[in-house]
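# Structural description and commentary
Spelled out from the first residue to the last, the chains are:
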Amino acid sequence: MNKQIKERGIIFNGEMVRAILDGRKTQTRRVIKNQPAGDWPDDPIFVEYGDNKFKWKSVNYGESSWFDCPFGKVGDRLYVRETFRVHSRATDVATLAYKASERQSWTQQVARVPIEVCTKQVSPEAWTPSIHMPKAASRITLEITDIRVERLNDISEEDAKAEGAPTECCVIGDKHFLGFRNLWKSIYGKDSWQSNPFVWVVEFNRVEAA
């Protein structure tokens, strides 16, 4: 791998892991931590891009300093962190099971990693939260193909579909949009959609294992 390409961990819940594995999810949106100050959304703020650097510009508040996208830049990679457990350990390898795939076949549910990277005790019933997954245990690698910033509510129906959002079966036309809105509220809280924050939009392709 090119030395300039960096890898960072990114957490997904089980539903989104399955969407990635199924090829239905090629985008993710994450709230930008340093939201612009001032009387927005009425204040006309927009974002400039240079490599993976962005800044806020405002008629009333001037310009912010440059800040980096925490997920990297186009061409960088993300390794998916998900809930897992150590199923068993042998002399040289450990078998890991992934909660997102526990209803699938055994071959789809597990992966094997070198024993030296597995320090967890064997406990088939004890799931390890995604935040504690080491890179060596990750089974999914993503390559970033685009990064941009937009308001959460500006998501299109097409992009909502690319988010892997569930559909609202009783609605025609914007069923993915509504599915994404409900999914977002279930993760971030009922008021999170109405607040309409600026979000990172990260597009990616899955990198298949060699």
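For clarity, every value in this text was computed on a predicted model and none was experimentally measured.

### Examining the packing of aromatic side chains
If you walk through the whole model with that rule in mind, you get 10 aromatic pairs. Centre to centre, the rings of phenylalanine 12 and phenylalanine 204 are 6.5 Å apart; their planes meet at 65 degrees, and the pair counts as edge-to-face. Of the two residues, phenylalanine 12 sits in the loop between β1 (7–11) and α1 (14–21) while phenylalanine 204 sits in strand β12 (residues 198–207), which places them 192 residues apart along the sequence. Three or more aromatic residues link up through ring pairs in this structure, and these residues are Tyr49, Phe54, Trp56, Phe67, Phe198 and Trp200. Across from the ring centre of tryptophan 127, 4.9 Å away, lies the NZ or CZ of arginine 85, which sits over that ring.

### Description of the sheet that holds strand β8 (residues 84–89)
Judged by pairing direction, the sheet is antiparallel, and its three strands sit side by side in the order β8-β9-β10 without closing on themselves. Edge strands, defined here as strands with exactly one partner in the open sheet, are β8 and β10 (110–114). For this sheet, the mean angle separating the axes of adjacent strands, direction not counted, is 35 degrees. Direction of pairing for strand β9 (residues 93–98) relative to β10: antiparallel, over a ladder of five bridges.

What counts, and where the lines are drawn
Residues numbered from 1 in each chain as written. Predicted model: local features only at pLDDT ≥ 70, side-chain atom pairs only at ≥ 80, totals over all residues. Heavy atoms only, no water. Phe/Tyr/Trp six-rings, centres within 6.5 Å; stacked < 30°, edge-to-face > 60°. Helix = DSSP H or I, 4+ residues; strand = E, 2+ residues; numbered from the N terminus. Lys NZ or Arg CZ within 6 Å of the ring centre and 35° of its normal. Pairing = 2+ DSSP bridges. Axes fitted to C-alpha atoms, helices over the stretch in contact; angles between N-to-C directions.

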